[in-house]
Amino acid sequence: MTFLYPYRLAVALIVAAPILSGCSYRASIPNPGTPQAAAPRQLSLANVARDGLYVDLHTSPSRAEILGYRSKSGRPRPYCKVNGIGFADRVSVDAAGNLMVPDSFAGSITVFRGPRMCGRKLGSFQDRYGQPLDAASIDAATGRIAIANIFGNSGNGSISVCTIAHGCRRNLTNSNMVQVAGVAMANNGDCWASAVNSSFVSTLTFFKHCGGTGQLSSGYRNKAYGGLEIDTQGNILSISWSAYGSELYVYQGCHPRCKLIGGPFKLKLQTMTGHLSENGTTFATAVYQHARIDIYKYTPTNLTYQYSFTDGLSGGTTAGVAFTPRSKE
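The structure contained in this document is the topic of the report that follows. Not measured: the values here are computed from a predicted model. (Residues numbered from 1 in each chain as written. Predicted model: local features only at pLDDT ≥ 70, side-chain atom pairs only at ≥ 80, totals over all residues. Heavy atoms only, no water.)

### Considering the overall build of the protein
Logical step 1: Looking only at helices and strands, the protein has one helix and 26 strands in total.
Logical step 2: Evaluated residue by residue, the protein yields a buried proportion of 60% over its 329 residues.
Logical step 3: The long-range share in the protein, meaning contacts at least 24 apart out of those at least 6 apart in sequence, stands at 53%. (Helix = DSSP H or I, 4+ residues; strand = E, 2+ residues; numbered from the N terminus. Buried < 20%, exposed > 50% of the residue type's maximum accessible area, 1.4 Å probe, protein only. Contact = heavy atoms within 4.5 Å.)

Structure representation (structure tokens):
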């Protein structure tokens, strides 16, 4: 039996038995491939002109760089480059505009000062509980950071709760979380984990104030796990990853009961991660194999593809994308 999931945001094929028996998680994993897509249209960022974008570009299986984008002359152009990056699994931005960079190779998380793009490094720390894939925070400079560990050091995935000052001092686990792909944190400190259980069923687990043993969210309909986001109305956006085209679900509540209010919306090809602009009307996804960023117009009940851009992304694969400033809940 096999289970498809993107490891380090590369699309991956992995055999279930070695995962559950505690074999090595860092083996080279083959790419299952996807249908070829038409060349993306090169249009402007005019509709998100005041927003910046961070793009995580994998330049090799073990190297990455993070580029900052702004609109210039009607086209999205690289604006700056974040210094001091070895590898990055998925970029994310907190409510203050600080950039968070998980690195599963080094087992670390690095935070860079915002809201100005490509700001100085604020600090980094080791995730002693697992392999970090995703991060979420209200204020990563001074507050708690929730880290999604796709695998824990002892096997099952988890959520590490950390700060720059003190590192990771709490580990949130739940039997419904065998592999964890995404994490989101609300302004009140609640957090959610997107995962699969031991039967490879997609789950969403709610942790009140990002603590306790967690509660399984009922009414969750995702076919697979993926990245999480929260919109300006407090709804949870949940990506359902697929090698042949991912989908986006929009839920209300989920503490712990979910109500599906939008979707599933079909996304272009395969993606594991997506984030909203500050005003919550523009959704960006990173299309891994095609080294491009897709832009959509978003409301909780409708998602419309607008354009793609690839400028500055040749010679690599796009693993993550995040707006700065991020969506205001």
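### What to know about the packing of aromatic side chains
Logical step 1: Under the defined criterion, the tally for this structure stands at six aromatic pairs.
Logical step 2: Ring geometry for Trp192 and Phe206: centres 5.4 Å apart, planes at 40°, overall tilted. Residue Trp192 is found in strand β15 (residues 191–196), and its partner Phe206 is found in strand β16 (residues 202–207); the two are separated by 14 residues along the sequence. Pair check on accessibility: Trp192 and Phe206 agree, each one buried.
Logical step 3: Their ring planes at 5° and their centres at 6.1 Å tell us that Tyr249 and Tyr251 sit as a pair that is stacked. Neither Tyr249 nor Tyr251 differs from the other in exposure class; each is buried.
Logical step 4: A connected cluster of aromatic rings, assembled from ring pairs, spans Tyr220, Tyr249 and Tyr251.
Logical step 5: Against the face of Tyr79 rests Arg70, its NZ or CZ located 5.8 Å from the ring centre. (Phe/Tyr/Trp six-rings, centres within 6.5 Å; stacked < 30°, edge-to-face > 60°. Lys NZ or Arg CZ within 6 Å of the ring centre and 35° of its normal.)

### A closer look at the nonpolar core
Logical step 1: Core analysis: the biggest nonpolar cluster contains 16 residues, and Tyr54, Ile66, Val82, Ile85, Leu99 and Val101 have the highest contact counts within it.
Logical step 2: Breaking this core down by element, the ones donating at least two residues are β4 (63–72) and β7 (99–103).
Logical step 3: Setting aside residues no more than four positions away along its own chain, Ile66 makes contact with Tyr54, Val55, Asp56, Cys80, Lys81, Val82, Ile85, Ala88, Val91, Leu99 and Val101. (Core = buried A, V, L, I, M, F, W, Y, C linked by side-chain atoms within 4.5 Å.)

### Topic: the environment of Thr285
Logical step 1: Looking at where Thr285 falls in the secondary structure, it is placed in strand β23 (residues 282–287).
Logical step 2: Through-space distance from the C-alpha of Thr285 to that of Thr318 is 9.4 Å; in sequence the pair is 33 residues apart.

### Describing the sheet that holds β15
Logical step 1: The strand order across the open sheet built from four strands is β14-β15-β16-β17, with neighbouring strands paired in antiparallel fashion. Only two strands of the sheet have a single neighbouring strand rather than two, namely β14 (179–185) and β17 (215–216).
Logical step 2: In this structure, β14 lies alongside β15, joined through six bridges in antiparallel fashion. If you follow Ala184 over to β15, its bridge partner there is Trp192. (Pairing = 2+ DSSP bridges.)

### Observations regarding the state of the cysteines
Logical step 1: Summed over all chains, the structure comprises four disulfides.
Logical step 2: The disulfide that involves Cys80 links it to Cys118, with 2.0 Å between the sulfurs. Its S-S torsion of about 75° marks the bond between Cys80 and Cys118 as right-handed, since a negative value means left-handed. One end of the pair, Cys80, is in strand β5 (residues 75–81); the other, Cys118, is in the loop between β8 (108–112) and β9 (121–126), and 38 residues separate them in sequence.
Logical step 3: The disulfide that involves Cys191 links it to Cys210, with 2.2 Å between the sulfurs. The sign of the S-S torsion, about 100°, decides the handedness of the disulfide formed by Cys191 and Cys210: right-handed. Of this pair, Cys191 sits in strand β15 while Cys210 is found in the loop between β16 and β17, placing the two residues 19 residues apart along the sequence. (Disulfide = S-S within 2.5 Å.)

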